[in-house]
Amino acid sequence: MNTDPLTPVLTKRWLSPQSWRISTYEKLEGYTAFRKALAGTPEQLVQLIKDAGLRGRGGAGFPAGVKWSFMPQNEEKPHYLVINADEGEPGTCKDIPLMMADPHSLIEGCIIAAYAMRSHHCFIYVRGEALHCIRRLNAAVREAYDAGYLGRNIIGSGFDLDITVHAGAGAYICGEETALLDSLEGRRGQPRLKPPFPAAAGLYAAPTTVNNVETIASVPFIVNGGADWFRQMGTEKSPGPKIYSISGHVERPGQYEAPLGTTLRELLELCGGMKDGIPLKFWTPGGSSTPLFTAEHLDVPLDFEGAAEAGSMLGTTAVQVFNETVSVPWAVMKWTQFYEHESCGKCTPCREGTYWLAQVLERMVEGRGTEEDIDTLLDVCDNILGRSFCALGDGAVSPITSGIKYFRDEFLALCQDARERNATVPELVGAQQ
Amino acid sequence: MTEHPEVTPTPRPGSRLAEQTHAAADDQVDVMAISPVREEGMLEESTADSPFGPDIVAKAKDLIGRYPQSRSALLPMLHLVQSVQGFVSQEGITFCAEQLDLSEAEVSAVVTFYTMYKRKPCGEHLVSVCTNTLCAALGGDAIYRRLAEHLGEDGRPLGHEEVAGTPGERGSVMLEHAECLAACDLAPVLQVNYEYFDKQTEESAVELVDALRRGEKPQPSRGAPLADFKSVELQLAGFFPEEEDAYRADVDGPSRAVETVRGAQLAADRGWTAPSMPDDAPLPEVEAK
């Protein structure tokens, strides 16, 4: 594709002063797409999003149009649209700046998506710690009601929609869509068994679609530009622009919106290279739940297929870059402590597994590990991966298995040091007075 | 209602098996009166002087009205409880249970699941330091350790969710280590009452908590003018300042860091854009069902 290295679509308005106000949004083509959408039919919109090939931006990459098409045609029960704004995957920091800078793009996307799915109530479930987003969204929702873009008979179309902004209360697991629904129902945020999928029985057991913020905020642009325009960016199977959040040991970390399929080498060029010239050691393509990459993977196209073929996942395109000064076992231990803390406790492999993994890793990092610990870690990982209730367990093993795969020597060195120290320090147990 | 022909005598508490006693406890029996644990207060009603006045009850009702099913109001209602007391007390649990017609156990189960509900009185401010991997590698761990030592007393560092000063008093600060706060491009970050303080150092963080301890309210890097934990909890419950100026000042508080717009700015500087949109892109033709 012959596009520019950066293709600001979602992030373009962020440069405008007070971009969060409806007046700014409307000056910059805002609230034009939903008029066009409401003049069409729900089927046309579902087809458009399918044609555009828009894939979920929350990590899994499921085609959004296909997900929408799972919603029943009838309205025997109310339909719900739920926006997953519970951004918490370590390294991920794209939805929060989006909601602060351009909340109306999300709201306009909600109107279009709700219309396409015959939903009249939309919930935006925002992570509680993202207070400023909650404020901005509430203000934007209020402005949209005042303008007649929300509420009853929106701009005379006969379509009704209410939006409720809902604050979470601090639980990473609520980013999992069924846990989010349980949380939204006022319960502990624990994942549900699937099937039934939310489109059949979601919020209040009614048909529900849960979509990520960036996914829905892309919708008004697709409505205005069309599927062919959207497909000019990115790759055949992963079309469109994507916000790459680059953090860590680089000269100029930040949000860079580029076509899907951009490589880390290209991203590093955009953000000024490695900080102070210290070489790259490892990085995550899309948050801590996506297996680590190394300097070998600089030219992997960062789209859904490219990342998967190279043994990881695109995830949320949260590119966390670590240089040679960072110990891999230490980083893996820190992430594992995170998963242990956030495991909801519902299923045994994840609850017990992360508990023991964290302790084994802590022991290793403290210099009391043995070589067998590496096998123990891999064995426990093997009993979590694919055997836990939701993707949190799978995510928890990613840093460990990929860390050992690429940096086994570093884990071994920790154990070696421990053995040598033990050999030189005589065992004193029982010998003391 | 017909009289039971053979009414067993009123059961007495004792060592007899349950099935020998409970059968007789029909609606004639005052189980409260015969309970052996009455004196210990297990059956006491909740306290009469609830800290949740009519205004809070009205807000709770308002929250219930925002959802198709009342239980959905529980998470915001617990934020509301924290806006009154600065934590979720047993009274707070009872309050929510009564408002939503849930058992206290159901409410407690929810409270204990989520990290933002504090079980002990919070300070005037809550300081949350991100110690997840990326922030930690860039200094977050060191910042947390330094703050814990700095706020500790007698050589003992302040623990996670412990308070320096007296909760409820000006300048008191609860410290916690937090998981990823979704501001990784601005690492290491911390939050005060969930407002962002970006790109911190040990020194800047110490200065910040010292200012808080003195009763000052430094401006966050991103977020509204700093308030206190309780008033922020009211916003999380979904209630924003009614006075227009205060409302606008909050909403219009800064949100744009250099990092936030780096890509957009670079593109603008270099003249890079997304492909231009066609003048008219009709919706695809499909048969309406």
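Residues numbered from 1 in each chain as written. Chains lettered and ligands numbered in written order. Predicted model: local features only at pLDDT ≥ 70, side-chain atom pairs only at ≥ 80, totals over all residues. Heavy atoms only, no water.

Participant: Is there a simple way to explain the nonpolar core in this structure?
Facilitator: Across soluble globular proteins, nonpolar side chains have a tendency to be buried as a group. Residues and elements named next belong to chain A. If you look at the biggest cluster of nonpolar residues, it comprises 176 residues, and the most contacted ones within it are W68, I111, I124 and V126. Top contributing element to this core by residue count: helix α9 (residues 213-231), with 10 residues. In contact with I111, not counting residues within four places along its chain, are Y31, F34, Y149, L150, I154, F159 and L161. Core analysis: the second largest hydrophobic core is formed by 27 residues, L268, C271, F304 and V321 among them. (Core = buried A, V, L, I, M, F, W, Y, C linked by side-chain atoms within 4.5 Å. Buried < 20%, exposed > 50% of the residue type's maximum accessible area, 1.4 Å probe, protein only. Helix = DSSP H or I, 4+ residues; strand = E, 2+ residues; numbered from the N terminus. Contact = heavy atoms within 4.5 Å.)

Participant: What am I meant to see in the interface of chain B and chain A here?
Facilitator: How large an interface is tends to be reported as the accessible area lost when its parts come together. Counting residues at the interface gives 80 residues for chain B and 98 residues for chain A. Summed over both partners, the interface of chain B with chain A comes to about 7200 Å²; 63% of that surface belongs to carbon and sulfur atoms. Of all residues in chain B, F113(B), T133(B) and L283(B) bury the most surface against chain A, accounting for 9% of the area lost on that side. In this assembly, chain B and chain A are joined by 3 salt bridges. Here E195(B) and R135(A) are joined by a salt bridge, their closest N and O atoms 2.7 Å apart. If you look at where chain B meets chain A, you find 36 residue pairs in polar contact (both at pLDDT 80 or more). Within the residue set of the side of chain B that touches chain A, elements represented by two or more residues are α4 (74-85), α6 (104-111), α7 (133-151), β5 (195-197), α9 (229-236), α10 (244-251) and α11 (262-270) of chain B. Counting residues per element, the side of chain B that touches chain A draws most heavily on α11(B), at 7 residues. (Buried area = accessible area lost by both parts, 1.4 Å probe. Salt bridge = Lys/Arg side-chain N within 4 Å of Asp/Glu carboxyl O. Polar contact = N/O pair within 3.5 Å; in protein donor to acceptor, adjacent residues only side chain to side chain.)

Participant: So what exactly am I meant to see when it comes to the domain arrangement of chain A here?
Facilitator: Residues and elements named next belong to chain A. Split by domain assignment, chain A resolves into domain 1 (22-232), domain 2 (241-323) and domain 3 (328-421). With centres defined by C-alpha atoms, the gap from domain 1 to domain 2 works out at 27 Å. Taken together, the contact between domain 1 and domain 2 spans 18 residues of the former and 16 residues of the latter. Regarding the contact of domain 1 and domain 2, the summed buried area is about 1300 Å², with carbon and sulfur atoms giving 54% of it. On the surface where domain 1 and domain 2 come into contact, there are 2 salt bridges. (Domains from an automatic or database assignment.)

Participant: Explanation requested: helix α8 (residues 177-184) of chain A in the structure shown.
Facilitator: For an α-helix the count is 3.6 residues per turn, leaving residues at separations of three or four pointing the same way. Summarising burial for α8(A): 8 of the 8 residues are buried, a large majority. Taken together, the buried positions of α8(A) are E177(A), T178(A), A179(A), L180(A), L181(A), D182(A), S183(A) and L184(A). Residues of α8(A) that are buried in the fold lie against α4 (64-69), β1 (80-85), β2 (121-126), β3 (162-167) and β4 (208-212) of chain A together with α4 of chain B. Positive phi shows up at G186(A), right after α8(A), with a value of about 85°.

Participant: Just checking my understanding: could you explain the pattern of salt bridges for this structure?
Facilitator: Pairs can form between side chains of opposite charge whenever their charged atoms are close. Residues and elements named next belong to chain A. Within this structure, the stated rule accounts for 36 salt bridges over all chains. A salt bridge links E177 to K67, with the nearest nitrogen and oxygen atoms 3.2 Å apart. Highlighted residues: E177 in helix α8 and K67 in helix α4, separated in sequence by 110 residues. The salt bridge involving D160 is made with R152; its shortest N-O contact spans 3.3 Å. What you see here is one network of salt bridges that share partners, running through K67, E176, E177 and K194.

Participant: For this particular structure, what's the right way to read the packing of aromatic side chains?
Facilitator: Each aromatic ring pair is described using two quantities: the centre-to-centre distance and the angle formed by the ring planes. By the definition in use, this model includes 21 aromatic pairs over all chains. Aromatic side chains W229(A) and F230(A) sit 6.3 Å apart centroid to centroid with 50° between the ring planes, which places their arrangement in the tilted category. Its relative accessible area of 3% is what places W229(A) among the buried residues. Between the aromatic rings of Y114(B) and Y117(B), the centroid separation amounts to 6.0 Å while the plane-to-plane angle is 80°, which identifies the pairing as edge-to-face. The buried category is assigned to Y117(B), whose relative accessible area is 3%. Grouped by ring-pair contacts, the aromatic residues Y25(A), Y31(A), F34(A) and Y149(A) constitute a single cluster. Over the face of the ring belonging to F239(B) we find K59(B), whose NZ or CZ atom lies 5.5 Å from the ring centre. (Phe/Tyr/Trp six-rings, centres within 6.5 Å; stacked < 30°, edge-to-face > 60°. Lys NZ or Arg CZ within 6 Å of the ring centre and 35° of its normal.)

Participant: Sorry, what's going on with the sheet that holds strand β9 (residues 318-323) of chain A here?
Facilitator: Strands belonging to one sheet form pairs held by backbone hydrogen bonds; the direction of such a pair is parallel or antiparallel. The sheet built from 5 strands is open, its strands ordered β6-β5-β9-β7-β8 (chain A) with mixed pairing. For this open sheet the edge positions go to β6 (254-259) and β8 (293-294) of chain A, each flanked by a neighbour on one side alone. Contacts from helix α12 (residues 328-342) of chain A reach β7 (280-284) and β9 of chain A, with the element oriented near 20° to β7(A). Each of β5 (241-248) and β9 of chain A is contacted by α7(B), which is oriented at about 40° to β9(A), the strand it contacts most. (Pairing = 2+ DSSP bridges. Axes fitted to C-alpha atoms, helices over the stretch in contact; angles between N-to-C directions.)

Participant: Any chance you could explain the domain arrangement of chain B here in plain terms?
Facilitator: Domain assignment breaks chain B into domain 1 (12-17 + 41-119) and domain 2 (125-228). Each of domain 1 of chain B and domain 2 of chain B was reduced to a C-alpha centroid, and the two centroids are 29 Å apart.

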